[in-house]
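Residues per chain, in single letters:
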Amino acid sequence: MASIVAPVLFIQCLLSILLTTTLAAPINITRETFRTCRPGNWFGNPADCCPPKVIKGPIVDFCPQYDATKPLRVRKALQCLSGHELKTYTRKLEKGYALMRALPDSDPRSLKRQNEIHCAYGTGSFIQDGSTNLTIDVHINWHFLPWHRMFVYFHEKILQKLLGDPEFSLHFWNFDNSVTATPRHGSRGCYKAGHFVPPMYNDPSKATFEANRSFMTFEPNRPVDIALDLSQLNPLLGPPIFPNNTVEEQTRMNREIMHRSMITLANTTSFFGKAYRVGDARILIPSAGSGTIELWPHNTLHAYIGGWMMQPTTAPIDPLFYPFHANMERLWSVWRKLGYGNDDPTDPDWLDATFLFWDENAVMRRVKVRDFVDLNALGYTFEEVNDASWIFFDNSTSPGAP
Ligand code: C2O
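The numbers attached to residues start from 1 for each chain and follow its sequence in the written order. Predicted model: local features are reported for residues with pLDDT of at least 70 only, side-chain atom pairs are reported and counted for 80 or more only, and whole-chain, interface and lining totals are derived from all residues. Hydrogens and water molecules were not included; the side-chain quantities draw on all heavy atoms of the structure.

Quick reminder of the rule: UniProt positions are given in the numbering used here, feature names are shortened, and annotations may be inferred rather than shown by experiment.
Within an unreviewed UniProt entry, the label attached to the protein chain reads Tyrosinase copper-binding domain-containing protein, and the organism entered is Marchantia polymorpha. The record held by UniProt for the protein chain lists under Sequence similarities (unreviewed entry) the comment "Belongs to the tyrosinase family." Word for word, the UniProt comment on the protein chain under Cofactor (unreviewed entry) is "Cu(2+)".

Shown next, in the form of structure tokens:
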């Protein structure tokens, strides 16, 4: 059965490209979008981060090519790596980021250039098809989840290429899990709390370290604060003030926030954020367009980590951005499995939106949202973790393993 899935997926993907290239309504990034890029802004601050205006070489359509004979690669929870596996992974990460930082600025795969493209997509620097003034943003609307999955996907591909290891997986920071549980006999996965900055990203001797983070992130045993009042998150007012919660208080608040953003407040529309098509003005106020998990825990954690992570103009400079966003997209896949009628949008203006990314060979790829909704087709999956820590927040006496 599984072996016929692959060609079918591939054909569907080709067909969807042929059938939809003429529709104007979904956001569509082209050579022209790059050519007309101009300095944008974020929270009113000017941001000048356009990539080179001329895209060299061809633009190649991306189609997931799922090889059903191969097991899915597993992105694991960082807090459970140990022993030899931890050593090997840390060494690889270190080597990967050292190589990525060493690439010249002319190489679109360098860390600096990856930051640049995130900045351009996140500051209204690109103009919509056929418009002179309407701009594009991949935050504060329904493109937030798929666009960032794509961004992390190509980042992982670039690391694989630099390491010469096509099986390398970018593991995730399980920041949402505040409860260590004992797994039921025979159940697999990682049941340790993960709400601290993963140690390999906090070791000053490693290339994955970044000194430009808030002091709280370096305090051992201090759980992250994802429960911040979002009205405080205005960079023009400076860094937010974090209350001095006890570990117990913080843990409880984090679980409550996760329960709200993933369950209580999250229906199919509110989870993804506001629709955003050609003709729509960029939404500037997070609470007016963001999906539930984009606000909490995403925005609050960016503010908590601080430093480069505070702004979309600089966040991907910090290597912590990537395991953080790997967990964001993991939460998307968990949400889909929760039931409650949770499902991805079926609106073609979401499914057929296309974005451009440089791949691991520095070839420009044209990528469609519909090809990034099915993780299996992309060849990876996530290790199971203790999501019960927030799923069962209401019966908060039993946050144990499923
Ligand atoms: Cu484009 Cu976490 O941001």
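**A few points about the layout of surface pockets**
Keep this limit in mind: Here a cavity means grid points, on a 1 Å grid over the protein atoms only, where a 1.4 Å probe fits yet cannot get out; a pocket means an open set of points with protein on both sides within 12 Å along at least five of seven lines; lining residues are those with an atom within 4 Å of a point. Grid points are joined across faces, edges and corners, and a volume is the space filled by probe spheres set on the points. What counts as a helix is a DSSP run of H or I of at least four residues, what counts as a strand is a run of E of at least two, and both are numbered from the N terminus.
Computed from the structure, the largest pocket encloses a volume of approximately 660 Å³. Every residue lining the largest pocket is counted, 37 residues in all, and those nearest its centre are W42, F43, L233, P286 and N299. The element best represented in the lining of the largest pocket is helix α9 (residues 292-305), accounting for 7 residues.

**Quick notes on the sheet that holds strand β6 (residues 364-368)**
Applicable threshold: For two strands to pair, DSSP has to find at least two bridges joining them. Lines are fitted to the C-alpha atoms to define the axes, a helix being fitted only along its stretch in contact, and any angle between axes, read from their N-to-C directions, falls within 0 to 180 degrees. Here, residues are in contact when the closest pair of their heavy atoms is within 4.5 Å.
Spatial ordering of the open sheet is given by β3-β6-β5, a layout of 3 strands whose pairing is mixed. Where the open sheet ends on each side, the last strands, each with one partner, are β3 (59-61) and β5 (354-358). Going across the sheet, the axis of each strand differs from the next one's by a mean of 35°, ignoring polarity. With 5 bridges connecting them, β5 and β6 associate as antiparallel partners. For T354, the partnering residue across the bridge sits in β6 and is K368. Sitting on the sheet, helix α5 (residues 144-163) touches β5 and β6, and the angle it makes with β5 is about 20°.

**Structural notes on the pairing of β5**
Applicable threshold: Residue exposure (1.4 Å probe, protein chains only): buried if accessible area is under 20% of the type maximum, exposed if over 50%, otherwise partly exposed.
Extensive coverage of β5 is indicated by the burial of 5 of its 5 residues. Neither face of β5 is exposed, since T354, L356 and W358 on one face and F355 and F357 on the opposite face are all buried.

**Focus: helix α10 (residues 321-337)**
Because an α-helix completes one turn every 3.6 residues, residues spaced three or four positions apart along the sequence face the same direction. Filter applied, for reference: Given the number of residues in a helix, its expected span is that number minus one, multiplied by 1.5 Å.
In a regular helix each residue adds 1.5 Å, so 17 residues correspond to 24 Å; α10 covers 25 Å between its end C-alpha atoms and thus fits that length. By the criterion of burial, α10 is predominantly enclosed, with 15 of the 17 residues buried. Of the residues trailing α10, G339 is marked for its positive phi of about 95°.

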